Amino acid sequence: MYTSGSTLSTRTVLVTGATSGIGHETARQLAERGATVLLHGRTDDEARAAADRLIATAGIDAAQLHSYGADFAHLDEVERLAETVVRAHPRLDALVNNAGMAAPERHTVTADGNEIAFQVNFLAHYLLTCLLEPALTAGPGGRVVNVSSSLHRSASIRWSDPQRTRRYSRLAAYAQSQLALTVFAADPRVTAVSVHPGVCGTALLPLYADEGVTPAEGAAHVVRLCDPAFEIVNGAYYDRAERVAPAPAATEDRTVKRLSRLADLLVGRAAA
């Protein structure tokens with residue numbers, strides 16, 4: 001039986017969106033259990049400030065924390081992040097794809113030409129995961145944890161218009177990004193799972209409800225999936241602590257391959 005008390009002192013984990021909410025709590029809990037944690041923030045200053053908060057408020061050893069900045073609305077910054085991480089950490093035990101945003105009220109396109117929620121919530125993580133594959137597979141047991149959402153069940157990927165240029169809806173755009181992230185967990189390149197950590201009191205709460213559990217409670221479900229003592233199956237989906245079936249599209253091999261082709265095209269990668 002899995003217990004949450006095992007040490008993670010030999011593990012190195014990159015957490016995207018680690019400056020607030022579930023990401024920051026995930027970084028804290030991982031570090032408290034001994035992991036070396038790479039904290040990602042939108043800017044270098046925000047990431048450094050998040051690390052400083054963990055040192056000051058949680059008593060984390062500064063040697064366990066490394067901070068990195070990259071704005072996921074700019075794919076070139078994602079590429080630089082991956083290059084910097086691999087250079088400093090040629091072996092990475094886990095990647096937590098957590099950074100996310102609510103889709104804006106008005107249709108917004110990044111400099112890379114993508115609808116902003118689709119890029120920040122999915123495409124940036126797709127690109128980062130692909131570029132970190134050598135580090136994640138350098139040793140046994142490397143894994144990816146995609147922090148998804150139960151809203152993926154209400155979504156569809158608009159294959160003919162993934163940028164949502166027609167009939168834009170912020171909720172539909174956000175849900176599409178979460179479905180894509182959940183489908184991506186079934187990609188065979190790196191062992192990955194996705195998790196809905198519960199409705200938490202974060203900046204994304206208005207998409208769900210008026211109140212939620214604490215980010216610390218949501219983060220605990222993410223941390224468990226990072227622990228090598230907890231066995232995972234590639235493509236599995238968890239609703240908090242319970243493994244459940246995701247939306248049917250997330251288990252369709254045809255959809256997984258189609259999404260990879262689309263993502264490769266949108267992030268400018270040559271098809272594998």
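Residues numbered from 1 in each chain as written. Predicted model: local features only at pLDDT ≥ 70, side-chain atom pairs only at ≥ 80, totals over all residues. Heavy atoms only, no water.

Caption draft 1: Region of interest: the overall build of the chain. Of regular secondary structure, the chain possesses seven helices and eight strands. Radius of gyration (C-alpha) of the chain: 17 Å, near the 19 Å computed for a compact globule of 272 residues. Projected onto the principal axes, the alpha-carbon positions of the chain cover approximately 50 × 35 × 35 Å. When the 272 residues of the chain are sorted by exposure, 54% land in the buried category. (Helix = DSSP H or I, 4+ residues; strand = E, 2+ residues; numbered from the N terminus. Rg over C-alpha atoms; globule rule 2.2 N^0.38 Å. Buried < 20%, exposed > 50% of the residue type's maximum accessible area, 1.4 Å probe, protein only.)

Caption draft 2: Geometry of the sheet that holds strand 6 (residues 192-196). Reading across the sheet, the eight strands line up as 3-2-1-4-5-6-7-8 and stay open at both edges, with mixed pairing between neighbours. The sheet is open, and its two edges are formed by strand 3 (65-69) and strand 8 (242-244), each paired on a single side. Across this sheet, the average inter-strand angle for adjacent strands is 25°, counted without regard to direction. Strand direction decides the pairing type here: strand 5 (residues 143-147) and strand 6, joined by four bridges, are parallel. Considered in strand 6, the bridge of V147 is made with V195. Helix-sheet contacts for helix 2 (residues 44-58) involve strand 2 (36-41) and strand 3, and the interaxial angle to strand 3 is about 160°. In the packing of helix 4 (residues 116-136) onto the sheet, the strands contacted are strand 1 (12-15), strand 4 (94-97) and strand 5, and the crossing angle to strand 4 comes to about 175°. (Pairing = 2+ DSSP bridges. Axes fitted to C-alpha atoms, helices over the stretch in contact; angles between N-to-C directions. Contact = heavy atoms within 4.5 Å.)

Caption draft 3: Spatial organisation of the packing of helix 4 against helix 5 (residues 170-184). Contact geometry for helix 4 and helix 5: axes closest at 7 Å, N-to-C directions at 20°. One element, helix 4, and the other, helix 5, form an angle in the roughly parallel class. Read as a crossing pair, helix 4 and helix 5 show a hand that is left-handed. Contacts between helix 4 and helix 5 involve A117, F118, N121, F122, H125, Y126 and T129 from the former and Y174, Q176, S177, Q178, A180, L181 and F184 from the latter. Split into classes, the residues belonging to the contact of helix 4 with helix 5 amount to eight nonpolar, six polar and no charged. (Parallel < 35°, antiparallel > 145°, perpendicular 65-115°, else oblique. Left-handed = near helix turned anticlockwise from the far one by under 90°. Nonpolar A, V, L, I, M, F, W, Y, C, P; charged D, E, K, R; others polar.)

Caption draft 4: Layout of helix 4. Along helix 4, the sharpest change in direction is near 35° and occurs at L123. Of all 21 residues in helix 4, 18 are buried; the element is thus mostly enclosed. A distance of 3.0 Å separates the backbone nitrogen of A117 from a side-chain oxygen at the start of helix 4, and that oxygen is part of E115. (Bend = angle between axes of the 7 residues up to and from the residue. Polar contact = N/O pair within 3.5 Å; in protein donor to acceptor, adjacent residues only side chain to side chain.)

Caption draft 5: Here's a closer look at the packing of helix 3 (residues 75-88) against helix 4. Two numbers describe how helix 3 lies on helix 4: the axes approach to 9 Å, and their chain directions differ by 30°. Between helix 3 and helix 4, the angle falls in the class roughly parallel. Judged by the twist between their axes, the crossing of helix 3 over helix 4 is right-handed. Contact residues: helix 3 offers L75, V78, E79, L81, A82, V85 and V86, while helix 4 offers Q119, A124, L127, L128, L131, L132 and A135. Here the contact of helix 3 with helix 4 is built from residues that sort into 12 nonpolar, one polar and one charged.

Caption draft 6: Here's a closer look at the nonpolar core. Among the nonpolar cores identified, the biggest contains 47 residues, and L14, F72, F122, L128 and L132 are the most heavily contacted of them. When contributions to this core are tallied by element, the ones reaching two or more residues are helix 3, helix 4, helix 5 and helix 7 (253-267). Element by element, the count of residues in this core is highest for helix 4, at 13 residues. Every residue in contact with L132, bar those within four places of it in the chain, is listed here: L14, A82, V85, V86, L92 and L95. Residues L8, A18, I60 and I232 belong to the second largest nonpolar core, which totals 31 residues. (Core = buried A, V, L, I, M, F, W, Y, C linked by side-chain atoms within 4.5 Å.)

Caption draft 7: Seen up close, the side chain of T26. Mapped onto the fold, T26 is located in helix 1 (residues 21-32). T26 gets classed as buried once you look at its relative accessible area, which sits at 0%. Discounting residues that sit within four places of it in the chain, T26 has contacts with V15, A219, V222 and V223.

Caption draft 8: Representation of the pairing of strand 1. Burial along strand 1 is two-sided: the face carrying T12 and L14 and the face carrying V13 and V15 are both buried. Where strand 1 and strand 2 come together, four bridges link them in parallel fashion. Along strand 2, the bridge assignment pairs V13 with V37. A crossover links strand 1 with its parallel partner strand 2, the connecting element being helix 1, and its sense is right-handed. Pairing analysis gives three bridges linking strand 1 to strand 4, with the strands arranged parallel. Across the sheet, V13 pairs through a bridge with A94, a residue of strand 4. (Right-handed = clockwise from strand over helix to strand, strands pointing away.)

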